[in-house]
Amino acid sequence: MSTSAPASIGPYRVIRPLGRGGMGEVFLAWDPRLERRVAIKRIRPDVDLSPERRARLLREARLAASLSHAAVVQVFDLLAEDGADHIVMEYVPGTTLWDALRTGPLPPARAFPIALAVAEGLAYAHGRGVIHRDIKTENVLLSPEGAAKISDFGIARRALEEDGGERLTREGIVLGTARTMSPEQACGDPADARSDLFSFGVLLYELFAGLSPFAAATARETVRNILQHRPSPVHEVVSGLPLDLSDLVDHLLEKDSALRPRDAQEVASRLRRLAGESTAAGEATLLGDTLDLSPPRATAPAAPAPPLLTASTRLHRRRWPRVTLAAAALGGVAAAGLYFLPMGADPGRPVTVAVLAPKLQGAAAGEETAFLAFVLRGALQSSLTSLQEVFPKSTSEVDAVPGTPVQVARALAADELLETAFACRERSCSVELTRLRGGDGAATWSGRIDVPVGEPLTASRAMDVLVRQAYRDREPRPGFPGVRVSPADYAEYLDVWRTVTENGGADPGPLIRRLERLRRRAPELVEPYYLQAVLESNQFFSGARDPARLERALGLFNRAQALAPGNPEILFARASTEIRAGRSAEAEATLAAFERLAPGDVRVLDLRAMLADQQGHPGEALALYRRGIERQPSWGRLYDLARLALRQGDAATARRSLETLLSRSPGNPFGQQLLANLELMNGDARRAAHLYEEIAARGPRHGVLANLGTARLLVGDYAGAAAALDQARAAAPDNYFYLLNLAQVRWLQGRRREAEDLLRRVLELSGQDPAREDPQRLTVRAQSLALLGRNREAVAEAQEALQLAPRSGSVAFEAALVYSIVGDRTAAEVNAERARGLGFDGPAWFRLPWFEPSRSELTPSRRDAR
């Protein structure tokens, strides 16, 4: 083999060898004509290339030369000299991603820009019909400035052959590196653009987890792993990584190429969104405080969010499969006093119904009556689901709205409501059900029925009788067969269901085992299959991403659907699960079946919006949410549109959606908090403070209190800011973001000694934070150092943060603040303008005293000089 470097190659003067690989040696050379350095890859003479393989190689190098993209190493020239072929390429000084990962995974702030650059380079090449076939960390070059470029497109090939052209890539030839090959490459099958996506999934795994998902001691074992092994999700390997990142990597590593993302452009879009979300905490900071952007966890946001997030908040939302289609003769049930008024909805038109929480009248509530209320409401939801073109709202969305029935109906965009009242004496209860019009709350039907206490199966069947009477204008759905189930087995199921809804954070293992035993005893009862599917999928998405759990959940949904093929809720839950799992093709089929089964259900649009967003088509997702809102402007749908718009940086759309939400549902806690966050970041700080005060009055949490303190600081209420931040610090004494904000308030109050003590504590705590390259940590330290008069150190920390997060508006703002404090007005103005250009443009931020032209009293170095 040749190991010596020639003095020249064609017109290029060789400087030194750069390295060698499987097919070639690479030299650094000088191009005297254009006076630039180039890299030359010489295909080693000892590599046995047949005429066909040499023709393919040269042809594909010419194709690579046609690529011109910032994330692709440019091919400049092709040479044949001394019996060897040479590819002249752009020289990228620096290192490879492989070398950068030798010490472990990169922090997300560095990893996301690299991942996004590679995805965009692949999307560009694939769009021009060129695939790489050997995407790996060794083939990604990192410049000293941190830019990432894909190298070695010289062994790519044309994905779409010209008509009549000879296919020069032979079937059965395995190219690429073993640990990064796609399953089809490992089998010797033809590779296409989705093969590159699999290899890119391996690269992402190594980039974020610091280890290979498939590499083994031998190539044979590695290939076996590629074909059979499912690696642990990256967020389980490295804690703190976004679950959506794990979803994307899992999606890329699908064994079947048809199940991978559609194309590299879709992957780039998802990464772009993830990169924005990874800095969301930083984008939502003021003076180091992290905004609490999430809604309260006591209840979940309503549809169209996936139905299977956490058992405590989402299971209660589902409309469960019915026990029986009809209950003509009910032992122990007496119906009486049924009377009818004009119906509330036109027959044949889809009707949306909100089932209000049952109200106990008379006697004090106890465990038996609480359980009965739970049974009655669940039975009503199930019975309504069994009727054609009747769509009950989720109970969690209903319960989030206070007020009168008319106010509830307006907030939910519900056509009707069902109101239930019951009174109990000794061992029986009288249950009255009333059907109300949503527009004015007028009763259109009412009926009463007596049920025994302690017999939930009988009570459920009684509710079915009332619903059939109330909705005589609606035909039952086919595919809701009646089944035989013992009262004891049904009571067992209800006990599990209630435990899940009230104690969702508990270990689901014992509940799953109870459901498995119940399924063996009552194999025709639909509910245990459905509930176990929900629990299994919850476990999968909550972090324990064992693929067996997902397959088990989908299998259970299938069994439930086989037992109750007319129940649309099973298809809705399955489609939601498939979308969140990245199984787009399966989700499309399930969604189509759901649409056929439930024509007129606006949740079809919600599911399609979820799918578009998951596939990286945010514009399409927004459009679908808007269509859903046009048909049914519920507060939950408006909330989800606002969250999606905010994630995309569309503050105007988010604000309009939230304003509409709060006009329809005044005081809605989810809408208020999201609007407060929006106002604090990009709008009216005074209004943000008012909103946070309302939220804190209902149940203060330290994140809300810290945000309240920040808002008050922005409007100049230093005493109020200090009070709120003191409460936040009491709840989280080691949160150095809160401490920095409090120190800054004390500084502006003139309490410098106390402020300096707090700043030194901030430096101590932030110095112990293992996230050394977190831009937020660095900007917190920079601000603290600047206020303590340690200007040189402050500027160094700010500069490092800017280098790590060049596209972060909050980092640019905080750098401007640091420069203002140390007295460098020019640098402060440059970074302030940069922050505004990156979307960090709340006017109150730039009215802080540190930005005033006269800083003599605010600059520690000058104060100390006196």
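Definitions and cut-offs
Residues numbered from 1 in each chain as written. Predicted model: local features only at pLDDT ≥ 70, side-chain atom pairs only at ≥ 80, totals over all residues. Heavy atoms only, no water. 1 Å grid on protein atoms, 1.4 Å probe; cavity = no way out; pocket = protein on both sides within 12 Å on 5 of 7 lines; lining within 4 Å. Points joined across faces, edges and corners; volume = space filled by probe spheres on them. Helix = DSSP H or I, 4+ residues; strand = E, 2+ residues; numbered from the N terminus. Nonpolar A, V, L, I, M, F, W, Y, C, P; charged D, E, K, R; others polar. Pairing = 2+ DSSP bridges. Disulfide = S-S within 2.5 Å. Buried < 20%, exposed > 50% of the residue type's maximum accessible area, 1.4 Å probe, protein only. Contact = heavy atoms within 4.5 Å. Axes fitted to C-alpha atoms, helices over the stretch in contact; angles between N-to-C directions. Phe/Tyr/Trp six-rings, centres within 6.5 Å; stacked < 30°, edge-to-face > 60°. Core = buried A, V, L, I, M, F, W, Y, C linked by side-chain atoms within 4.5 Å. Left-handed = near helix turned anticlockwise from the far one by under 90°. Salt bridge = Lys/Arg side-chain N within 4 Å of Asp/Glu carboxyl O.

A. Quick look at empty space enclosed by the protein. By the definition in use, this model includes eight cavities of 30 Å³ or more. Contributing to the lining of the largest cavity are 17 residues, with Arg230, Asp250, Glu254, Phe540 and Pro547 lying nearest its centre. The dominant element in the lining of the largest cavity, judged by the number of residues it contributes, is helix H19 (residues 547–563), at three residues. Classifying every residue of the lining of the largest cavity by side-chain character gives eight nonpolar, one polar and eight charged.

B. Spatial organisation of the sheet that holds strand E4 (residues 36–43). One open sheet holds the six strands; their spatial order is E1-E2-E3-E4-E6-E5, and the pairing between them is antiparallel. Strand pairing shows two members of the sheet lacking a second neighbour, strand E1 (8–9) and strand E5 (75–81), which therefore form its edges. Two elements, E5 and strand E6 (residues 84–90), share six bridges in a ladder whose sense is antiparallel. Of the residues in E6, the one forming a bridge with alanine 80 is aspartate 85.

C. Structural context of the state of the cysteines. Under the criterion given, the structure shown has one disulfide. The disulfide partner of cysteine 424 is cysteine 429, and the gap between their sulfur atoms is 2.0 Å. When the S-S torsion is 105 degrees, as for the bridge of cysteine 424 with cysteine 429, the disulfide is right-handed. You can call cysteine 424 partly exposed: its relative accessible area is 23%.

D. Highlighting the sheet that holds strand E7 (residues 95–96). Across the sheet, three strands lie side by side as E7-E9-E10; this open sheet has antiparallel pairing. Looking along the sheet, the strands with just one partner apiece sit at the ends: E7 and strand E10 (148–150). Bridge analysis of E7 against strand E9 (residues 140–142) gives two bridges, and the strand direction is antiparallel. Across the sheet, the residue bridging to threonine 96 is leucine 141, located in E9. Sitting on the sheet, helix H3 (residues 108–127) touches E9 and E10, and the angle it makes with E10 is about 35 degrees.

E. The arrangement of the packing of aromatic side chains in detail. For the coordinates displayed, the defined rule picks out 17 aromatic pairs. On the numbers, 6.3 Å between centres and 75 degrees between planes, the contact of tryptophan 635 with tyrosine 639 is edge-to-face. In this pair, tryptophan 635 and tyrosine 639 both sit in helix H24 (residues 635–647), four residues apart, roughly one turn of the helix. With relative accessibility at 0%, the residue tryptophan 635 sits in the buried group. Classification of tyrosine 639 by relative accessible area gives buried; the value is 1%. Plain terms: the ring middles of tryptophan 635 and phenylalanine 670 are 5.3 Å apart, the flat faces sit at 10 degrees to each other, and that makes the pair stacked. Placement of tryptophan 635 in helix H24 and of phenylalanine 670 in helix H26 (residues 669–682) is noted, with a sequence separation of 35 residues between them. Residue phenylalanine 670 is classed as buried on the basis of its relative accessible area of 2%.

F. Focus on the nonpolar core. If you look at the biggest cluster of nonpolar residues, it comprises 122 residues, and the most contacted ones within it are Leu412, Leu607, Trp635, Tyr692, Phe813 and Trp850. Counting residues in each nonpolar core, the second largest holds 62 residues, with Leu97, Tyr124, Leu141 and Leu204 among its members.

G. Inspection of the pairing of strand E18 (residues 416–425) at higher detail. As paired strands, strand E15 (residues 351–355) and E18 are joined by three bridges and run parallel to one another. Considered in E18, the bridge of valine 355 is made with leucine 418. Sheet topology places E18 next to strand E19 (residues 428–437); ten bridges connect them, and they run antiparallel. Within E19, the position partnered with threonine 420 by the bridge is leucine 433. Here E18 hands over to E19 after two residues, with glutamate 426 in that stretch at a positive phi of 50 degrees.

H. Expanded view of the packing of helix H25 (residues 651–664) against H26. Taken N-terminus to C-terminus, the directions of H25 and H26 make an angle of 145 degrees; their axes are 10 Å apart at the nearest point. Pair H25 / H26 crosses with left-handed handedness. Touching Ala651, Ala654, Arg655, Leu658, Glu659, Leu661 and Leu662 of H25 are Gly671, Gln672, Leu674, Leu675, Leu678, Glu679 and Asn682, all from H26. Across the contact of H25 with H26, the residue classes tally to eight nonpolar, three polar and three charged.

I. Structural detail: the pattern of salt bridges. Per the stated rule, a full pass over the model turns up 53 salt bridges. Across the salt bridge formed by glutamate 492 and arginine 514, the nearest N and O atoms sit 3.0 Å from each other. Of this pair, glutamate 492 sits in helix H16 (residues 487–502) while arginine 514 sits in helix H17 (residues 509–521), placing them 22 residues apart in sequence. Using a relative accessible area of 23% as the deciding quantity, one classes glutamate 492 as partly exposed. Two residues, arginine 687 and glutamate 679, come together in a salt bridge whose shortest N-O distance is 3.1 Å. When salt bridges that share partners are traced, they join Asp726, Arg729, Arg746, Arg751 and Glu754 into one network.

J. Local environment of unusual backbone geometry. The phi angle at glutamate 35 is positive, at roughly 50 degrees, despite the residue not being glycine. By secondary structure assignment, the location of glutamate 35 is in the loop between strand E3 (24–31) and E4. On the basis of relative accessibility, which here comes to 61%, the residue glutamate 35 falls in the exposed class. Phi at glutamate 389 takes a positive value of approximately 60 degrees, unusual for a residue other than glycine. Secondary-structure assignment places glutamate 389 in the loop between helix H12 (367–385) and strand E17 (390–392).

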